[in-house]
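Next come the chains, spelled out residue by residue.
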Amino acid sequence: VMLKPPSDEPLRGVALEEDKPVDFSEVDIRLPLLVYVSREKRPGYDHNKKAGAMNALVRASAIMSNGPFILNLDCDHYVYNSQAMREGMCFMMDRGGDRICYVQFPQRFEGIDPSDRYANHNTVFFDGNMRALDGLQGPVYVGTGCLFRRMALYGFDPPRSKERTSCCCCFPRLKRPKPSAVSEENRALRMGDSDDEELSVCLNPKKFGNSSFLIDSIPVAEYQGRPLADHPSIKNGRPPGALTIPRDLLDASTVAEAVNVISCWYEDKTEWGQRIGWIYGSVTEDVVTGYRMHNRGWKSVYCVTKRDAFRGTAPINLTDRLHQVLRWATGSVEIFFSRNNALLASTRMKFLQRLAYLNVGIYPFTSIFLIVYCFLPALCLFSGQFIVQTLNVTFLVYLLVITLTLCMLAVLEIKWSGINLEEWWRNEQFWLIGGTSAHLAAVLQGLLKVIAGIEISFTLTSKSAGDDVDDEFADLYVVKWTSLMIPPITIMMTNLIAIAVGFSRTIYSVIPQWSRLLGGVFFSFWVLAHLYPFAKGLMGRRGRTPTIVFIWSGLIAITISLLWVAIKPPSSANGQIPSGTFQFP
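Here the residue index of a chain counts from 1 through its sequence in written order. It should be noted that, the model being predicted, local features are given only for residues of pLDDT at least 70 and side-chain atom pairs only at 80 or more, the latter also being counted only at that level, while totals for whole chains, interfaces and linings use all residues. Processing note: side-chain calculations cover all non-hydrogen atoms of the structure and skip hydrogens and water entirely.

Trainee: Give me the lowdown on the overall build of the chain, citing residues and values where you can.
Mentor: Under the scheme used here, helices are H or I runs from DSSP no shorter than 4 residues and strands are E runs no shorter than 2 residues, and both carry numbers assigned from the N terminus. Each helix and strand counted, the chain has 18 helices and nine strands in total. Contacts are residue-level and defined by heavy atoms, with any inter-residue pair within 4.5 Å sufficient. Once local pairs closer than 6 in sequence are excluded, the contacts in the chain between residues at least 24 apart make up 77%. Carbon together with sulfur atoms contributes 62% to the accessible area of the chain, which is approximately 31100 Å² in total. The Shrake-Rupley method, run with a 1.4 Å probe sphere, supplies the accessible areas, and residue values consider only the shown protein chains as cover.

Structure representation (structure tokens):
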């Protein structure tokens, strides 16, 4: 316990003095309870990484403070707007806010290189997609910068649920007391519309564990999170002044119980991590946890404040960024092959919300088609045949419709996100880089886990700076080899060689068909333009890549192209020079 609970009466600061130039005589200087938690870990126990740590914090905080709302921040994030939590709680305590399970804030990052080479800001997602989801059932939970309702984390259904399905936990049958009769010791949980409705909610130790302190704290937390009954339209609210009851001071038994609920064996034979708290079994436990809440009928809210609510750091190194994307994509593949697939969602989840969650599980599989798309222009140049045999009107109309649709989508993304064209282009570039590397690896790893049961271990994303302390972005130029780089490098080399082969074939032809060449070269350059940040990341710091590397690369490309012409020379039947007339110098 770093800071003990504050006193009930306001504590005023020191008045203005000569050595104290600021007057705090009218300022309440009390500080809230501050507790540092380090959960028990032992060999032989699965501690479930971040999800297990969060569940331990939920239980410990229920014993120590039992606040109705919980703020989740990663260790590399900090509070940038002190009023953000107040704004989040306003959503939850407003009329109808008792059906909101969490308030998600956008992620904002510091320390990103000015060009945002690897699209770390992810503005299209945070300022476009998440705002759109806010108009449905709410944004997805992204793992940090999120204010939760404690009761939603406990696995309860939202109030006034139309479906009376069996929820994960239930209280004994209690009649809801009138607001004036509510006491600290007798606070009832409500889940319906009528004040006199009797609820059957069972707080079974097999679900929450054998801590009576924890079980007794649940109805108290529910009551504290109710909206204020300051308007006749608000039902089941709490009266003004109901939370001004003095708190009990911490004693040894309370601290001992908090230690008990974070022990490594506490979750054995309970539903923690299964239906209560953060959900286990996925490297993207954040998405699964939010999905379970939406699947029970809860809503979420996306809160964009004028001043950034929270700020954090992100990996600016290519390798670390690819590993981060790999972890996200692998979690999505796990979701697709699990019971958390949106196809299996309940009727409480809205149709468009279901489509959004379905996209979360499907997007890594688009890497298969993306790989084909990246190699197709090179294959056309190698074979000398365009994608289609003849450029007829049907194909051109189809191509025009697809192009206009993509342009319209780009314009809408830029308009809705409020970003400039360069930021949007960076997002498109890294979409292809990640799709041809991390997403493809995630599909393979996810299939191995599902089919063969091979677990994949991930290391924490490195966000440290490089060796050059004078350069703020030194880590941007550090080249760390990883197998994820093989597919993009192969795509780049194949397209470069294909362009050289195509030019060689056309130049040595009796009747050069430049239109066919330009069609293949255009699509190859389009692929290479998307991979430009990746190639730039491989070069490291400017000027540090030896010139001989570029010379060797050029010689290899020319040699392979000439070798291709020698192995498969142009035939005279196609109006090209006979193979016997072509000789190397």
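We are not done yet, so read on.
Trainee: Give a detailed account of the environment of S253, specifying residues and quantitative values.
Mentor: In this fold, S253 is placed in helix 7 (residues 252–261). In terms of polar contacts, S253 uses its side chain to reach the side chain of D251, at 3.0 Å. In protein, a polar contact requires one atom able to donate a hydrogen and another able to accept it; more generally it is a pair of N or O atoms within 3.5 Å, and residues adjacent in sequence count only if both atoms are side-chain atoms.

Trainee: I'd like a description of the sheet that holds strand 3 (residues 100–104), backed by residues and values.
Mentor: Read across the open sheet, the four strands follow the order 1-5-3-8; overall the sheet is mixed. Each having just a single partner strand, strand 1 (69–72) and strand 8 (299–302) make up the two edges of the open sheet. When strand polarity is set aside, the average angle formed by the axes of neighbouring strands in this sheet is 20°. Alignment of strand 3 against strand 5 (residues 146–149), held across three bridges, turns out to be antiparallel. Residue pairing for strand 5: V103 is matched across the bridge by L147. The strands touched by helix 3 (residues 123–134) are strand 3 and strand 8; relative to strand 8, the strand with the most contacts, the crossing angle is about 145°. Strands are labelled as partners when DSSP assigns at least two bridges between them. Axis definition: a line fitted to C-alpha atoms, over the contacting stretch in the case of helices. Angles run 0 to 180 degrees between N-to-C directions.

Trainee: Describe the UniProt feature "binding site: UDP-alpha-D-glucose" (unreviewed entry) in the chain, with residues and values.
Mentor: UniProt positions are given in the numbering used here, feature names are shortened, and annotations may be inferred rather than shown by experiment. Taken from the UniProt record, the annotation "binding site: UDP-alpha-D-glucose" (unreviewed entry) applies to K49. Its place among the elements puts K49 in helix 1 (residues 49–64). Each residue is placed in one exposure class: buried if its accessible area under a 1.4 Å probe, protein chains only, is under 20% of its type's maximum, exposed if it is over 50%, and partly exposed if it falls in between. For K49, a relative accessible area of 66% puts it in the exposed group.

Trainee: Mind laying out the packing of helix 13 (residues 421–436) against helix 14 (residues 438–452), listing which residues take part and the relevant values?
Mentor: Two quantities define a packed helix pair, namely the angle between the helix axes and the distance between the axes. One way to put it is that helix 13 packs onto helix 14 with a least axis distance of 3 Å and a crossing angle of 35°. Of helix 14, the residues touching helix 13 (which contributes G434, G435 and T436) are A438, H439 and L440. Any residue that is not Ala, Val, Leu, Ile, Met, Phe, Trp, Tyr, Cys, Pro, Asp, Glu, Lys or Arg is counted as polar, Gly included; the first ten are nonpolar and the last four charged. When its residues are assigned to classes, the contact of helix 13 with helix 14 shows two nonpolar, four polar and no charged.

Trainee: How would you summarise the UniProt feature "transmembrane region" (unreviewed entry) in the chain if you had to cite specific residues and measurements?
Mentor: Those places that UniProt annotates as "transmembrane region" (unreviewed entry) correspond, in this numbering, to residues 356–387, 393–412, 489–511, 517–535 and 547–567. Between the C-alpha atoms that bound residues 393–412 the distance is 28 Å, and the span itself is 100% helix and 0% strand.

Trainee: So what's going on with the pattern of salt bridges? Which residues, and what values?
Mentor: Any two side chains of opposite charge can pair if their charged atoms end up close together. Think of a salt bridge as a Lys or Arg side-chain nitrogen and an Asp or Glu carboxyl oxygen that are within 4 Å of each other. Per the counting criterion, the structure on display carries eleven salt bridges. Between R30 and D28 there is a salt bridge whose closest N-O contact spans 2.8 Å. When the shortest N-O distance is used, the salt bridge between D74 and K50 registers 3.0 Å. One end of the pair, D74, is in the loop between strand 1 and strand 2 (77–79); the other, K50, is in helix 1, and 24 residues separate them in sequence. Assessed through its relative accessible area of 25%, D74 is described here as partly exposed. Taken together, the salt bridges that share partners define one network made up of R108, E110, D127, D308 and R311.

Trainee: Explain the sheet that holds strand 2 to me, using residue names and the numbers behind them.
Mentor: Pairing is mixed in the open sheet, where three strands are placed in the order 2-9-4. Where the open sheet ends on each side, the last strands, each with one partner, are strand 2 and strand 4 (108–110). This sheet shows a mean twist of 35° between the axes of neighbouring strands, independent of strand direction. Bridge count for strand 4 against strand 9 (residues 310–313) is three bridges, and the pairing is parallel. Opposite E110, over in strand 9, you have T313 as the bridge partner.

Trainee: Describe a nonpolar patch on the surface, with residues and values.
Mentor: A contiguous nonpolar surface patch, about 560 Å² in accessible area, is contributed by M2, L3, L31, L34 and Y36. Take L34: its relative accessible area is 42%, and that puts it in the partly exposed class. Patch membership requires more than 30% relative accessible area and the absence of a salt bridge. Residues of like charge join within 9 Å; the nonpolar side chains Val, Leu, Ile, Met, Phe, Trp and Tyr join within 5 Å.

Trainee: Could you give an account of helix 10 (residues 351–362), with specific residues and numbers?
Mentor: Given a helix with a known number of residues, its expected span is that number minus one, times 1.5 Å. Spanning twelve residues, helix 10 covers 16 Å between terminal C-alpha atoms, matching the ideal 16 Å at 1.5 Å per step. Residues of helix 10 that are buried make contact with strand 3, helix 3, helix 8 (285–295) and helix 9 (318–336).

Trainee: I'd like a description of unusual backbone geometry, backed by residues and values.
Mentor: Leave glycine aside and you will find that most residues have negative phi; peptide bonds, for their part, are mostly trans. Of note, N48 is a non-glycine position whose phi angle comes to about 60°, a positive value. Among the structural elements, N48 can be located in the segment before helix 1. Phi angles above zero are rare outside glycine, and N66 is one such case at about 60°. Along the chain, N66 falls in the loop between helix 1 and strand 1.

Trainee: So what about the packing of aromatic side chains? Which residues, and what values?
Mentor: Working definition: a ring pair exists when centres of Phe, Tyr or Trp rings (six-membered ring for Trp) sit within 6.5 Å. Plane angles under 30 degrees give stacked, over 60 give edge-to-face, the rest tilted. The tally for this structure, following the rule as stated, stands at 20 aromatic pairs. Between F336 and F337 the ring centres are 5.2 Å apart and the planes differ by 85°, which places this aromatic pair in the edge-to-face class. The class of F337 is partly exposed, set by a relative accessible area of 37%. When the ring of F337 is compared with that of F365, the centres are 6.0 Å apart and the planes differ by 70°; the resulting orientation is edge-to-face. Of the two residues, F337 sits in the loop between helix 9 and helix 10 while F365 sits in the loop between helix 10 and helix 11 (366–383), which places them 28 residues apart along the sequence.

Trainee: Break down the pairing of strand 3 for me, citing the residues and quoting the values.
Mentor: Among the five residues in strand 3, five count as buried, and that is most of the element. Judged from the four bridges that link them, strand 3 and strand 8 form a sheet pairing that is parallel. Across the sheet, V103 pairs through a bridge with V301, a residue of strand 8.

Trainee: So what's going on with the side chain of N341? Which residues, and what values?
Mentor: Looking at the element boundaries, N341 is found in the loop between helix 9 and helix 10. Overall, N341 belongs to the buried group, its relative accessible area being 7%. Filtering out sequence-adjacent residues up to four positions away, N341 remains in contact with Y291, I335, F336 and L358.

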